[in-house]
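A structural walkthrough
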Amino acid sequence: MSNNKYKILIVEDEANIRSLLSALLEANGYRALEADCCSGAELMYFSHVPDLVILDLGLPDKDGSLLLKKIRERDLTPIIVLSARSDEDEKVKMLDLGANDYVTKPFGTAELLARVRSSLRDHRKISGGGSTVAVFSNGPLEIRYDSRRVFVKGKEISLTQIEYNILSFLSENVGKVMTYSAIIKSIWREYPDEGNIKRLQVNMANIRKKFGTMPGEESFIVNELGIGYRLREDAN
Ligand code: CA
């Protein structure tokens, strides 16, 4: 059981293509979110924080490239542009705006899935400091990145999506202190303020609780008071 599937937002106004994509992604272990216009997609994007966006350009309310720009003003979430427009200039323009990849309709499902995997992988390399290993293992702690599952002494720990993302981020920077600001930017894509620092602390307390750590006790995760958190390199 895993509630940590990658979330993919599909922005496409043609219902048949949207549901085909949704079914394809769900069948391949992703969680699909759907939007049929630019403004709906924007709301969905900022409330669900998906891991990847598949973006059609010809949308009924606004051009998809406007959403692309808006997302890029904030973060580097992978975006695959999907469009019937096949000319080279359009592709270059979208890539210049920050799209990670470009798929022209009609597309093959195997090709699209390969592009999705590749974009997620590249993004992990960028945000994760080059780590490409499938499993993180440190003493009794094991994180399986491909299935987004966490084990302590072989027993699975059920984490929420946010808790998993925090732990995964710390593990990719194991041994280093990650500031509140760095964690908040990576997880919520927000600038740190009192509210999201509190949210981070609550999530961190829950992670420690799920690991069975009592307050004040040494944990895998060291709380560097007033600065941030560090996943210990020498967990035992
Ligand atoms: Ca369209």
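Note: the structure precedes this text.
The paragraphs below set out a description of the structure included in this document. (Residues numbered from 1 in each chain as written. Predicted model: local features only at pLDDT ≥ 70, side-chain atom pairs only at ≥ 80, totals over all residues. Heavy atoms only, no water.)

**Observations regarding the environment of Gly-226**
Along the polypeptide, Gly-226 turns up in the loop between strand E11 (221-224) and strand E12 (228-231). For the pair formed by Gly-226 and Leu-120, sequence separation is 106 residues and the distance between their alpha carbons is 32 Å. (Helix = DSSP H or I, 4+ residues; strand = E, 2+ residues; numbered from the N terminus.)

**Quick word on helix H3 (residues 64-74)**
Turn by turn, an α-helix covers 3.6 residues, leaving residues three or four places apart pointing in a common direction. Of the residues making up H3, those classed as buried are Gly-64, Ser-65, Leu-67, Leu-68, Ile-71 and Arg-72. The arc enclosing the buried residues of H3, seen along the axis, measures out at 155°, which places them on a common side. Buried positions along H3 lie against strand E1 (7-11), helix H2 (38-48), strand E3 (52-56), strand E4 (79-83) and helix H4 (88-97). (Buried < 20%, exposed > 50% of the residue type's maximum accessible area, 1.4 Å probe, protein only. Arc of directions from axis to C-beta. Contact = heavy atoms within 4.5 Å.)

**So, unusual backbone geometry**
Look at the link from Lys-105 to Pro-106: it is a cis peptide, with omega at -5°. Inspection of the secondary structure puts Pro-106 in the loop between strand E5 (101-104) and helix H5 (109-127). For Arg-148, which is not glycine, the phi torsion reads 55° and is therefore positive. Note on Arg-148: relative accessible area 6%, which makes it buried. A positive phi angle, near 55°, is found at Arg-189, a position not held by glycine.

**Looking at the pairing of E12**
On a regular strand, one side chain projects to one face of the sheet and the next to the other, so that they alternate. Direction of pairing for strand E10 (residues 178-179) relative to E12: antiparallel, over a ladder of two bridges. Counterpart to Thr-179 in the pairing with E12 is Gly-228. As defined by bridge partners, E11 adjoins E12 across four bridges and the pair is classed as antiparallel. Looking across to E12, one finds that Asn-223 is bridged to Tyr-229. (Pairing = 2+ DSSP bridges.)

**Remarks on the coordination of the calcium ion**
For the calcium ion, the full set of protein donor atoms is Asp-13 (OD), Asp-56 (OD) and Gly-58 (O), and the range of their distances to it is 2.2 to 2.4 Å. If you list the donors of the calcium ion from N- to C-terminus, the spacing comes out as D-x42-D-x1-G. Taken together, the residues span a long stretch of sequence, with Asp-13 in the loop between E1 and helix H1 (15-27) and Asp-56 in strand E3 at a distance of 43 residues. Look at Asp-13 and you get partly exposed, because its relative accessible area is 30%. The buried category is assigned to Asp-56, whose relative accessible area is 4%. (Donors = N, O, S within 2.8 Å, 3.2 Å for Na, K, Ca; no water.)

**Observations regarding the environment of Ile-221**
Checked against the element boundaries, Ile-221 lands in strand E11. Its relative accessible area of 2% is what places Ile-221 among the buried residues. When the C-alpha atoms of Ile-221 and Phe-211 are compared, they prove to be 10.0 Å apart, with 10 residues separating the residues in sequence. Those residues in contact with Ile-221 that lie beyond four places of it in its chain are Leu-167, Leu-170, Met-204, Ile-207, Arg-208, Phe-211, Tyr-229, Arg-230 and Leu-231.

**With respect to the pattern of salt bridges**
As a working rule, side chains carrying opposite charge can pair if their charged atoms are close by. Enumeration according to the criterion identifies 12 salt bridges in this entry. The residue Glu-14 makes a salt bridge to Lys-105 at a minimum N-O spacing of 3.5 Å. Of the two residues, Glu-14 is situated in the loop between E1 and H1 and Lys-105 in the loop between E5 and H5; the sequence distance between them amounts to 91 residues. Arg-144 is the salt-bridge partner of Glu-142, the closest N and O atoms lying 2.6 Å from each other. Each of Glu-12, Glu-14, Asp-56 and Lys-105 takes part in a single network of salt bridges with overlapping partners. (Salt bridge = Lys/Arg side-chain N within 4 Å of Asp/Glu carboxyl O.)

**A word on the state of the cysteines**
Tallying each qualifying case throughout the model produces zero disulfides. Here Cys-37 stays free of any disulfide, with the sulfur of Cys-38 as its closest cysteine sulfur at 7.5 Å. (Disulfide = S-S within 2.5 Å.)

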